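Listed here are the chains, written in short residue letters.
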Amino acid sequence: MADRPVEALTQREAEAELAHLVQALAAANLAYHTADAPEITDAAYDALKRRNAAIEARFPGLKRADSPSDQVGAAVADGFGKVAHRVRMLSLENAFAAEEVAEFDDRVRKFLGFSGALAYTAEPKIDGLSLSLRYEGGRLVQAATRGDGEVGENVTENARTIADIPQRLTGAPDVLEVRGEVYMSHADFAALNARQAASGDKAFANPRNAAAGSLRQLDAGITASRPLRFFAYSWGEVSAPLATTQFGAIGRLAAMGFQTNPLTVSCDGPEAMLAQYRLIETQRATLGYDIDGVVYKVDDLGLQGRLGFRSSTPRWALAHKFPAELAWTTLLGIDIQVGRTGALSPVARLQPVTVGGVVVSNATLHNEDYIAGRDSKGQPIRDGKDIRVGDWVQVYRAGDVIPKVADVDLSRRKGDAQAFVFPQLCPECGSPAHREDGDSVRRCTGGLICPAQAVERLKHFVSRGAFDIEGLGAKQVEMFFKDAILPVKTPADIFTLAARDADNSLQKLKNRDGFGETSAAKLFAAIEAKRSIPLDRLIFALGIRHIGETSSSLLARHYGSWEIFIQAIDSAADFSGPDWDELTGIDGMGEVSARALIDALHPDSAERAEVNRLVGQLTVQPVKAAATDSPVAGKTVVFTGTLEKMTRAEAKARAEALGAKVAGSVSAKTDLLIAGPGAGSKAKDAARLGVQVIDEDAWLRLIG
Ligand code: IVH
């Protein structure tokens, strides 16, 4: 039966075969996961799964309740399952200039208090998408995309179709998460696009998009037909260390059967790193796949551990990107976009042009000074040349960075070209747009009455690092914002939507264009799922100027709960007193962001009333400081004087990793002052306030 083409099957045959496939796949699963001896090869297993999916696609009515397609890891109809990464998947700090490499090395050595030379690895930065592969007992059990770094998508079935990804490993630790990049070669990309064109499908813009589109297919059969490749360069959870150096660990991954990049070398310092950068750059065009820079990593894994992480990037690695790509084109017009904080941003509308493999038709022009040819201090940029509609302009694109207009060719300017006049009124709501002293940005003063600000705030509110509501993206937000019957004008309105829909007997959401019974119910369920939200996400979602993901997470970890946070902000509102000192004392929170926070949440403002209305709809989950079982978790500590066993930066990073809050000054809220030799006024403050003072050795004994 299985040899017959799916198109030739009768309904009865199809039904019988589906019943047979369910049993065959269940038996194979059992043998694979519990016994040590799989009964069929992985390829045969995949073939059975694909045949099952193909029959289901032809006879949707015959799909069984126990269909193998719906099992964990398999493609599910409404998207991929979620996978919480046990070790976060981070991104990399970027550098463009050669000087930044020496600065990186200096920073690393300073953090470690190291005066000698340090070894680093240097390897190509592959331009694909990262993937985490989990092996247990040497078998591939799960593959997940990066997602937001904490939660990714389960693409196990798809990953199994990639030839470079071993299904079994020999000599691997019991638990091993291998991380690396999925990519497509230039040749395979060209052939795929030719096939797409032949079948009337859309071409992919570049190999990275093709790789991402191919991996994120609900039907693993499609992924299997796309020639994806994989380079391993890192790891997540491991039950036993792979090696003592990065270079050694990569060697072990290669020995286990992974492809590792042949241009990976170990270097004894910045000069050797730059030499490898130049070598890789000369080979870039002939490698046969896209790379966009070189990644440097501290070679000693013990030192990597000491260096640790910032909020989303490791301190021990740097991505040295290749120079940006350039192109020239005509500036067709300048539009003004109003952002969520009211900033008026000029956007260049361009005659579409290909820049480094991507078609660009919009680019940023930064702000009015930039268009006029001066910087924020009034000094000329581009030799003082302004930019006018109709000009021949240079467009610049570096990696994922938003393209920008970099230069203008005055020799091609038309005689009648007019200088651009930047609007003084908000183009969206007509409110005056002001520039504060020292601010390069003109801002609409309309606040919540400005529809552009309101919509942008909503878009930010539902975005990935914020509430991340499935099925409620930028497009839907715009639709609901304009809806006459079920309008969503503010974040709180999102959480009253279902109740308002229930009351609305005349026109329910399910009867609208683009919605049906299922999709409406699904949207309400997705909203309901986010009614309970962690404090850090809530703070970030409010979209307050200067309060990004990092500050939001600092604030959440510091205050722990919404009640304590908002009370502290309220009592810091006069910019003085212990709560103000505490807020500005949070390491990483400057005075500017503290002021922005207080201004945005001012108790008498309309904005605050909205925030209260929102919080009234939610259950805000408290955020615990890291490592709650450490003896210093939740304690506020201050370091002063000279530390002898580690640098100040390392001491601070370690304390934070153990859940302590590190403050810059001693206040009544300080629990502990760690004082090295030469401690001055802070020791006196501590004595006056009765704060416990210990020396560095006592601190090290305390944290073990
Ligand atoms: S290491 C903890 N090495 O670049 C550090 N990343 O911009 C983990 N990437 O998300 C990353 N080539 O997807 C590393 N040789 C390489 C890489 C590489 C490409 C990607 C990776 C990462 C992104 C950050």
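If you're wondering where the values come from, they're calculated on a predicted model, not measured in any experiment.

Novice: What is the right way to read the confidence of the model for the protein from this model?
Specialist: Close inspection of predicted coordinates is inappropriate in any region flagged by low pLDDT. Per-residue confidence for the protein gives a mean pLDDT of 90, with 95% of residues at or over 70. Every residue in residues 72–78 scores below 50 in pLDDT, and together they form 17 contacts with partners more than four places removed in sequence or on other chains.

Novice: Mind showing me how you'd approach unusual backbone geometry here?
Specialist: Across residues other than glycine, the phi torsion is negative in most instances, and most of the peptide bonds are trans. Phi is positive for Asp468, which is not a glycine, with a value near 50°. Examined against the element boundaries, Asp468 turns out to sit in the loop between helix 12 (451–461) and helix 13 (474–482). Not every positive phi belongs to a glycine, and Phe575 is a case in point at roughly 55°. Structurally, Phe575 is set in the loop between helix 19 (562–571) and helix 20 (578–585). By relative accessible area, which is 27% here, Phe575 ends up partly exposed.

Novice: Explanation requested: the side chain of Asp299 in the structure shown.
Specialist: Structurally, Asp299 is set in the loop between strand 10 (291–298) and helix 10 (301–307). Nearest to the buried, unbridged Asp299 among oppositely charged side chains is Lys297, at 9.7 Å. Excluding anything up to four places from it in sequence, Asp299 contacts Ala119, Tyr120, Thr121, Thr244, Thr245, Gln246, Phe247 and Ser266.

Novice: When you look at the pairing of strand 4 (residues 129–136) in this model, what are you seeing that I'm missing?
Specialist: Regular strands place their side chains on alternate faces of the sheet. Taking burial as the measure, the eight residues of strand 4 include seven buried ones, the bulk of the element. With eight bridges connecting them, strand 4 and strand 7 (residues 175–183) associate as antiparallel partners. Bridge assignment links Ser132 to a residue of strand 7, and that residue is Arg179. Bridging between strand 4 and strand 5 (residues 139–145) involves six bridges; their strand directions are antiparallel. Its bridge partner lying in strand 5, Leu133 is registered against Ala143. Connecting strand 4 to the antiparallel partner strand 5 that follows it, the hairpin turn spans two residues, and Gly137 within it adopts a positive phi of roughly 55°.

Novice: What am I meant to see in the sheet that holds strand 22 (residues 661–663) here?
Specialist: For sheets, the rule is that strands pair by backbone hydrogen bonds, running either parallel or antiparallel. Reading across the sheet, the four strands line up as 22-21-23-24 and stay open at both edges, with parallel pairing between neighbours. Each of the sheet's edge strands pairs with one partner strand only, and the pair in question is strand 22 and strand 24 (692–694). Adjacent strand axes in the sheet meet at a mean angle of 30° when their direction is disregarded. Bridge count for strand 21 (residues 636–640) against strand 23 (residues 672–675) is four bridges, and the pairing is parallel. Across the sheet, the residue bridging to Phe639 is Ile674, located in strand 23. Contacting strand 21, strand 23 and strand 24, helix 25 (residues 696–703) runs over the sheet at an angle of about 125° to strand 23.

Novice: I would appreciate a short explanation of the sheet that holds strand 3 (residues 120–126) in the present structure.
Specialist: Strands sit in the order 2-11-10-3-9 across an open sheet of five strands; the sheet is mixed. Looking at which strands have only one partner, the edges of the open sheet turn out to be strand 2 (94–95) and strand 9 (265–267). Where helix 3 (residues 99–112) meets the sheet, its contacts fall on strand 2, strand 3, strand 10 and strand 11 (317–321), and the angle it forms with strand 11 comes to roughly 175°.

Novice: How should I be thinking about the nonpolar core in this particular structure?
Specialist: Ile494, Leu555, Phe565, Leu583 and Leu597 are the most contacted members of the largest nonpolar core, which totals 57 residues. Excluding anything up to four places from it in sequence, Leu583 contacts Leu555, Tyr559, Ile569, Met589, Ala594, Leu597 and Ile598. Of all hydrophobic cores here, the second largest spans 33 residues; its members include Phe80, Ala143, Val155 and Val182.

Novice: Is there a simple way to think about the pairing of strand 11 in this case?
Specialist: Across the five residues that make up strand 11, a large majority, five, are buried. The pairing of strand 2 with strand 11 spans two bridges and is parallel. Across the sheet, the residue bridging to Ala95 is His320, located in strand 11. Pairing of strand 10 with strand 11, which is carried by five bridges, proceeds in the antiparallel orientation. Note on strand 11: the bridge partner recorded for Gly293 is Lys321.

Novice: Please explain the packing of helix 12 against helix 13 as it appears in this structure.
Specialist: When two helices pack together, their arrangement is given by the angle between the helix axes and the distance between those axes. Running from N to C, helix 12 and helix 13 point in directions that differ by 135°, and their axes come no closer than 9 Å. The pairing of helix 12 with helix 13 is recorded here as oblique in orientation. You can see that helix 12 and helix 13 cross each other, and the crossing is right-handed. Contacts from Pro451, Ala454, Val455, Leu458 and Lys459 of helix 12 reach helix 13 at Ala474, Val477, Glu478 and Phe481.

Novice: Any chance you could explain helix 25 here in plain terms?
Specialist: Because an α-helix completes one turn every 3.6 residues, residues spaced three or four positions apart along the sequence face the same direction. What helix 25 keeps buried is the set Glu696, Ala698, Trp699 and Ile703. Relative to the axis of helix 25, the buried residues are bounded by an arc of 160° and lie together on one face. Contacts made by the buried residues of helix 25 are with strand 21, helix 23 (648–657), strand 23 and strand 24. One or two positions beyond helix 25, positive phi appears at Gly704, with a value near 70°.

Rules used in this analysis
Residues numbered from 1 in each chain as written. Predicted model: local features only at pLDDT ≥ 70, side-chain atom pairs only at ≥ 80, totals over all residues. Heavy atoms only, no water. pLDDT = per-residue confidence, 0-100. Contact = heavy atoms within 4.5 Å. Helix = DSSP H or I, 4+ residues; strand = E, 2+ residues; numbered from the N terminus. Buried < 20%, exposed > 50% of the residue type's maximum accessible area, 1.4 Å probe, protein only. Lys, Arg positive; Asp, Glu negative; His and termini not counted. Salt bridge = Lys/Arg side-chain N within 4 Å of Asp/Glu carboxyl O. Pairing = 2+ DSSP bridges. Axes fitted to C-alpha atoms, helices over the stretch in contact; angles between N-to-C directions. Core = buried A, V, L, I, M, F, W, Y, C linked by side-chain atoms within 4.5 Å. Parallel < 35°, antiparallel > 145°, perpendicular 65-115°, else oblique. Left-handed = near helix turned anticlockwise from the far one by under 90°. Arc of directions from axis to C-beta.

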